[in-house]
Amino acid sequence: MTGHPRRCQVCGLRPPAMREIPFCFACWPGGPVIPPPCRKCGSTENYYTSGLCARCHSHAPGEKSPLWQYPGLLAPGSVVIASCRDCHAWGATRTYGWLCSGCKSWRETHSRFAECRTCGHTAPVGEDGSCRLCRKTRSLLAQQLGKRPRDVSLAEANHRGQQLFFASMWHREGHGKRPYIKKTQPPDLSLLTPVTHEQLTLLDLPRDLKAGMQHGFPLPPDTARESAWHAFVRDYAVQHGWARTVTERTQRAIRMLLGMQDTSGAAIKASDVLPLSGIRHPVRPVLDVVAAAGMLADDRIPAIERWFSLHIAELPANMRHELTVWFDIARHGSTTPPRFTPRAESTVQSQLAFALPAIRAWAPTHSSLREIGRDDVHSALPASGSQRSTTMQGLRSIFRVLKARKLTFINPTARIRVTAPTTPLRRRSICPP
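Fair warning: this is a prediction, and the values are worked out from it, not measured in the lab.

Draft legend 1. Representation of the overall build of the protein chain in the model. Helices and strands together make up the secondary structure of the protein chain, namely 13 helices and eight strands. Buried residues in the protein chain amount to 37% of all 433 residues. Considering only contacts in the protein chain between residues 6 or more positions apart, those separated by 24 or more positions represent 52%. As displayed, the protein chain offers around 26400 Å² of accessible surface, 53% of which is attributable to carbon and sulfur atoms.

Listed below in structure tokens is the structure:
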């Protein structure tokens, strides 16, 4: 029978029972008559015409559609959806014979039809005697448990039932295929510029990256920006001689960060990059490449600030405030008179370390450094040696800044001289004549 079948001359809705008969089985004279089984699959349900059921006939709508009884209501060429014959995934069409693309490929490599030893469904089975649906259910459970599929038994994965999906969407639950990015179009690296707006959040909750590894991370909303990042990381890796695995994991990490951003196109925060180490993704390469792109918002607390807060925590409140003023000016300098040149972090740390023993000795009897006089400085200085010089060096740096900022009335270290420590002579090797 070629072309679309005619309609029954009685009801005008269903196709005729056979080519030579002008009416359907429901309108058969003296009927209705029970249709015969399908001559192709043997089904006794959903008879269509010419001895074929609605599923086997090439012009019939889908078996699950209620319109199969009324082909006149279905426009020619309409795409009808049904479930896959093998894995029951919804979304199969007549294109692959009511199979999803995964089961079509599975049948090409597994031609043995048998009863699945796990679920009992008759379908193409693999070498272990299980169908594709049982194996995919095991893979899903293994992904949720953080194990390899071979470490989970098929019976354990399927004893509580099976998870059905939409056709051709097994790879990620809740996500379809990734948007197509045209490879011939060069990426626009101008997109690697932080946007000026910001999406505020009501609650700042930590990201559960391990859950993202199990269930999938959100896809980046801007595929063009993702393509630009992919190309930038690739070029950066070539320039610095990265291994292929480092390059791929860095690209994957940046893709995850783009999907988790509250503001698409905003600078990537360093505090969002650091937790990647918990899921075994590189942190230092990601920070380096994001900084090279000019997209890094470094919100990390420097180590010297954590060290400073830890060592002054037990001092009185006034002393902590005064030392904080000195610490800020010593690190960053001051452009307002009296001006100060910023010092290196190692210098700031060593000067505070030199002065801390004396300051801690004053803390039980003094609440502020403005109460310190020359006698207190003399009593706090060691008797001799290099410690006397270094202690004086640290105290002089602190009181000089506090006096300039009018946080102390006097500089108690002024006009107190200490002998510079004697530098030991280095041994010099004498070459023989």
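Draft legend 2. View of the packing of aromatic side chains. Inspection of every chain in the model, using the stated rule, returns seven aromatic pairs. In textbook terms, an aromatic cluster arises when at least three aromatic residues are bridged by ring pairs, as seen for Trp229, Phe232, Tyr236 and Trp242.

Draft legend 3. Quick peek at the nonpolar core. Leu323, Ile359, Trp362, Leu369 and Ile398 are the most contacted members of the largest nonpolar core, which totals 32 residues. Among the elements of the structure, helix H9 (303-311), helix H10 (317-332), helix H11 (345-362) and helix H13 (386-404) are those that each provide at least two residues to this core. The contacts of Trp362, once residues within four sequence positions are left out, are Met319, Leu369, Ile372, Asp376, Val377, Ala380, Leu395 and Phe399. If you look at the next biggest cluster of nonpolar residues, it comprises 26 residues, including Ile254, Val273, Ile279 and Val286.

Draft legend 4. Region of interest: the packing of helix H5 (residues 223-240) against helix H6 (residues 244-260). H6 packs onto H5 with a crossing angle of 150° between their chain directions and a minimal axis gap of 10 Å. Classified by the interaxial angle, the pair formed by H5 and H6 is roughly antiparallel. Judged by the sense of rotation from one axis to the other, the crossing of H5 with H6 is right-handed. Facing H5, whose interface residues are Glu226, Trp229, His230, Val233, Arg234 and Ala237, H6 presents Thr247, Thr250, Gln251, Ile254, Arg255 and Leu258.

Draft legend 5. Representation of the pattern of salt bridges within the structure. One pass over the full model with this rule turns up 13 salt bridges. The closest approach of N and O atoms between Asp128 and Arg135, which form a salt bridge, is 3.1 Å. Residue classification places Arg135 among the partly exposed residues on the basis of a relative accessible area of 25%. The shortest N-O distance in the salt bridge between Arg244 and Glu248 comes to 2.9 Å.

Draft legend 6. Highlighting helix H2 (residues 132-145). If you check H2, its first and last C-alpha atoms are 20 Å apart, about what 14 residues at 1.5 Å a residue would give, namely 20 Å. Those residues of H2 lying buried are Arg132, Leu133, Cys134, Thr137, Arg138, Leu140 and Ala142. If you follow the buried residues of H2, they end up packed against helix H1 (101-109), strand E6 (122-124) and helix H3 (154-158). Of the residues one or two after H2, Gly146 is the one with positive phi, at around 70°.

Draft legend 7. Representation of a nonpolar patch on the surface in the model. A cluster of nonpolar residues, Ile81, Trp90 and Phe166, forms a patch on the protein surface that exposes about 290 Å² of accessible area. Looking at the secondary structure, you find Phe166 in the loop between H3 and helix H4 (209-215).

Draft legend 8. Seen up close, the packing of H5 against helix H8 (residues 284-292). Remark: H5 packs on H8, axes separated minimally by 11 Å, with the N-to-C direction vectors making an angle of 110°. Compared by their axis directions, H5 and H8 come out roughly perpendicular. Here H5 contributes Trp229, Phe232, Val233 and Tyr236 to the contact with H8, which in turn contributes Asp288, Val289, Val290 and Ala292. For the contact of H5 with H8, the residue count by class is seven nonpolar, no polar and one charged.

Draft legend 9. View of H10. Given a rise of 1.5 Å per residue, 16 residues ought to cover 22 Å, and the 23 Å separating the end C-alpha atoms of H10 matches this to within 8%. All of the buried residues in H10 are Met319, Glu322, Leu323, Trp326, Phe327, Ile329, Ala330 and Arg331. Contact partners of the buried residues in H10: H9, H11 and H13. Trailing H10 by a residue or two, Gly333 shows a phi angle of about 75°, which is positive.

Draft legend 10. Seen up close, unusual backbone geometry. A cis amide bond, omega -10°, links Pro337 with the succeeding residue Pro338. You can see Pro338 is positioned in the loop between H10 and H11. Of note, Lys406 is a non-glycine position whose phi angle comes to about 60°, a positive value. Looking at where Lys406 falls in the secondary structure, it is placed in the segment after H13. You will see that Arg415, though not glycine, has its phi angle at about 60°, which is positive. We classify Arg415 as exposed; its relative accessible area is 75%.

Draft legend 11. Fine view of the environment of Met256. With respect to the helices, strands and loops of the structure, Met256 is situated in helix H6. Looking at Met256, the relative accessible area reads 6%, which means it is buried. As a C-alpha pair, Met256 and Leu219 span 37 residues in sequence and 7.5 Å in three-dimensional space. Aside from chain neighbours lying at most four places away, what touches Met256 is Phe217, Leu276, Ile279 and His281.

Draft legend 12. Expanded view of the confidence of the model for the protein chain. Residues at a pLDDT of 70 or more form 86% of the protein chain, whose mean pLDDT is 82. In the model, residues 172-177 has pLDDT below 50 throughout and makes 15 contacts with residues more than four positions away in sequence or in other chains.

Conventions adopted
- Residues numbered from 1 in each chain as written.
- Predicted model: local features only at pLDDT ≥ 70, side-chain atom pairs only at ≥ 80, totals over all residues.
- Heavy atoms only, no water.
- Helix = DSSP H or I, 4+ residues; strand = E, 2+ residues; numbered from the N terminus.
- Buried < 20%, exposed > 50% of the residue type's maximum accessible area, 1.4 Å probe, protein only.
- Contact = heavy atoms within 4.5 Å.
- Areas by Shrake-Rupley, 256 points an atom, 1.4 Å probe, with all protein chains shown as cover.
- Phe/Tyr/Trp six-rings, centres within 6.5 Å; stacked < 30°, edge-to-face > 60°.
- Core = buried A, V, L, I, M, F, W, Y, C linked by side-chain atoms within 4.5 Å.
- Axes fitted to C-alpha atoms, helices over the stretch in contact; angles between N-to-C directions.
- Parallel < 35°, antiparallel > 145°, perpendicular 65-115°, else oblique.
- Left-handed = near helix turned anticlockwise from the far one by under 90°.
- Salt bridge = Lys/Arg side-chain N within 4 Å of Asp/Glu carboxyl O.
- Expected span 1.5 Å × (residues − 1).
- Patch = residues over 30% accessible without salt bridge, like charges linked within 9 Å, V, L, I, M, F, W, Y side chains within 5 Å.
- Nonpolar A, V, L, I, M, F, W, Y, C, P; charged D, E, K, R; others polar.
- pLDDT = per-residue confidence, 0-100.

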